[in-house]
Amino acid sequence: MTRKPNLVATEKECPPDCPFLIVRSWQPDTLPYFCGRYEVFLGVLGAAPSRRIARCHQCRGILPDAKRQGLAFIESYADLARIPETRQAFSEMDKIYRQAFSDLIARTGREIYLQENKPKTSDELANQALRIWRGEHDKRHAASALAFKSLVEKLTGDFTLLTRQTDMLLMNLFLVMDASEQAMLMSILQNRRQIEAFLEAFSKQPRDNDLLRNVRALVYDFDRQAEQERELEQERARRRQMDLEMMRRTHQAGRGGK
């Protein structure tokens, strides 16, 4: 059983060796760190280059502080040059918008910047957060995403390798794949001869920067296998048809000779 480190609420940093600390840098435009225990993205304490991963309030057992959490998220953004203006705009936000901003990033990990061609104001940062929220909502409620979510949920009870964390990871990978890759992954998980082997191979993939690239390669590999199986099945069906046709002709010739 995995146990979390023995920490007290006053410790603000997440230990680098925490078993629940997950690197999510494979996911485009998102924060690099994720807490697998409480299923939230994590910010950082301090400015670059001496950043330290911040523990989430659930882990610390304290009430959430939206302003402190939002600033920790902003400090972890990849584009260091845009952090100061985003931090200033966030600090000037109304309390309710700071809460919404922080909740959105905690759930999705999305980096919400002020755009270069837009006013550098708290209202514009709130508008940008709203646009990202709408985009995330639409993406996750698209027909293809809902179909994939339903499929994975149905399979979870049948395969021990499908856990809640694996389901979420597969869902996030699915959402950043293109339409053809999504279709291939759906097909693999609908193929009873491939599911277990795919999940076994997927479980062995390192959760590092190359996860998305490696899983894409895995999907293409399994799709090629499925295509080869389809071609073999078509060839077997063609041969069966030829054999049946030969038997029919032989039978007709035998009857004609009587």
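Here the structure is a predicted model, which is why all the values come from computation and not from measurement.

A. Fine view of the sheet that holds strand E1 (residues 21-23). Pairing within the open sheet is antiparallel, and its 3 strands lie in the order E1-E2-E3. Each edge of the open sheet is held by one strand with a lone partner, namely E1 and strand E3 (40-42). The mean angle between the axes of side-by-side strands here comes to 40 degrees, regardless of whether they run parallel or antiparallel.

B. Expanded view of the environment of Arg-68. Tracing the sequence through the fold places Arg-68 in helix H2 (residues 66-75). Expressed as a C-alpha distance, the spacing of Arg-68 and Val-40, which sit 28 residues apart in the sequence, is 15 Å.

C. Seen up close, the side chain of Arg-55. Considering the arrangement of structural elements, one finds Arg-55 in the loop between strand E5 (52-53) and helix H1 (57-60). No salt bridge is formed by the buried Arg-55; its nearest oppositely charged neighbour, Glu-11, is found at 5.3 Å. Polar side-chain contacts of Arg-55 include one of 2.9 Å to the backbone oxygen of Cys-59. Apart from the residues lying within four places of it in its own chain, the contact partners of Arg-55 are Leu-7, Val-8, Ala-9, Glu-11, Lys-12, Glu-13, Cys-14 and Arg-60.

D. Structural view of the packing of H2 against helix H4 (residues 95-108). Contact geometry of H2 with H4 gives a least axis separation of 9 Å together with a crossing angle of 50 degrees. Overall, the two elements H2 and H4 adopt an arrangement that is oblique. Where H2 crosses over H4, the handedness of that crossing is left-handed. Note on element contacts: H4 touches H2 through Arg-98, Gln-99, Phe-101, Ser-102, Ile-105 and Ala-106, opposite Ala-66, Lys-67, Gln-69, Gly-70, Phe-73 and Ile-74. Here the residues of the contact of H2 with H4 sort into 6 nonpolar, 4 polar and 2 charged.

E. The arrangement of the nonpolar core in detail. Counting 31 residues, the largest nonpolar core has Phe-148, Leu-173, Leu-185, Leu-189, Phe-198, Phe-202 and Val-219 as its most contacted members. Secondary-structure elements contributing two or more residues to this core are helix H6 (143-156), helix H7 (164-176), helix H8 (179-189), helix H9 (195-203) and helix H10 (211-256). The contacts of Leu-185, once residues within four sequence positions are left out, are Phe-148, Phe-174, Met-177, Phe-198 and Val-219. Leu-31, Ile-74, Ile-105 and Ile-132 belong to the second largest nonpolar core, which has 21 residues in total.

F. Molecular detail of the packing of aromatic side chains. Applying the stated rule across the entire model yields 6 aromatic pairs. With centroids separated by 4.7 Å and ring planes inclined at 65 degrees, the aromatic side chains of Tyr-77 and Tyr-113 adopt a geometry described as edge-to-face. On the criterion of sequence distance, the pair formed by Tyr-77 in the loop between H2 and helix H3 (83-91) and Tyr-113 in the loop between H4 and helix H5 (122-140) is long-range, its members being 36 residues apart. Comparing Tyr-77 with Tyr-113, the two get one shared label, buried. Where Phe-148 meets Phe-174, the ring centres are 4.2 Å apart and the plane angle is 5 degrees; that geometry is what we call stacked. Of this pair, Phe-148 sits in helix H6 while Phe-174 sits in helix H7, and the two are 26 residues apart along the sequence.

G. Structural context of the packing of H6 against H7. Two elements in contact, H6 and H7, have axes separated by 10 Å at closest approach and are oriented at 155 degrees. One element, H6, and the other, H7, form an angle in the roughly antiparallel class. The handedness of the crossing between H6 and H7 is right-handed. Taken together, the residues of H7 that come into contact with H6 (itself represented by Ser-144, Ala-145, Phe-148, Lys-149, Val-152 and Thr-156) are Asp-167, Leu-170, Met-171, Phe-174 and Leu-175. Tallied by class, residues from the contact of H6 with H7 come to 7 nonpolar, 2 polar and 2 charged.

H. Looking closely at the pattern of salt bridges. According to the stated counting rule, one finds 17 salt bridges in the structure shown. Across the pair Glu-75 and Arg-87 runs a salt bridge whose closest N-O atoms are separated by 2.4 Å. Of this pair, Glu-75 sits in helix H2 while Arg-87 sits in helix H3; the two residues are 12 residues apart in sequence, bridging distant segments of the chain. Its salt-bridge partner being Arg-131, residue Glu-124 comes within 2.6 Å of it at the nearest N-O pair. Residue class for Arg-131 comes out partly exposed when judged on its relative accessible area of 39%. One network of salt bridges, with partners in common, ties together Arg-110, Glu-136, Lys-139 and Arg-140.

Analysis parameters
- Residues numbered from 1 in each chain as written.
- Predicted model: local features only at pLDDT ≥ 70, side-chain atom pairs only at ≥ 80, totals over all residues.
- Heavy atoms only, no water.
- Pairing = 2+ DSSP bridges.
- Helix = DSSP H or I, 4+ residues; strand = E, 2+ residues; numbered from the N terminus.
- Axes fitted to C-alpha atoms, helices over the stretch in contact; angles between N-to-C directions.
- Buried < 20%, exposed > 50% of the residue type's maximum accessible area, 1.4 Å probe, protein only.
- Lys, Arg positive; Asp, Glu negative; His and termini not counted.
- Salt bridge = Lys/Arg side-chain N within 4 Å of Asp/Glu carboxyl O.
- Polar contact = N/O pair within 3.5 Å; in protein donor to acceptor, adjacent residues only side chain to side chain.
- Contact = heavy atoms within 4.5 Å.
- Parallel < 35°, antiparallel > 145°, perpendicular 65-115°, else oblique.
- Left-handed = near helix turned anticlockwise from the far one by under 90°.
- Nonpolar A, V, L, I, M, F, W, Y, C, P; charged D, E, K, R; others polar.
- Core = buried A, V, L, I, M, F, W, Y, C linked by side-chain atoms within 4.5 Å.
- Phe/Tyr/Trp six-rings, centres within 6.5 Å; stacked < 30°, edge-to-face > 60°.

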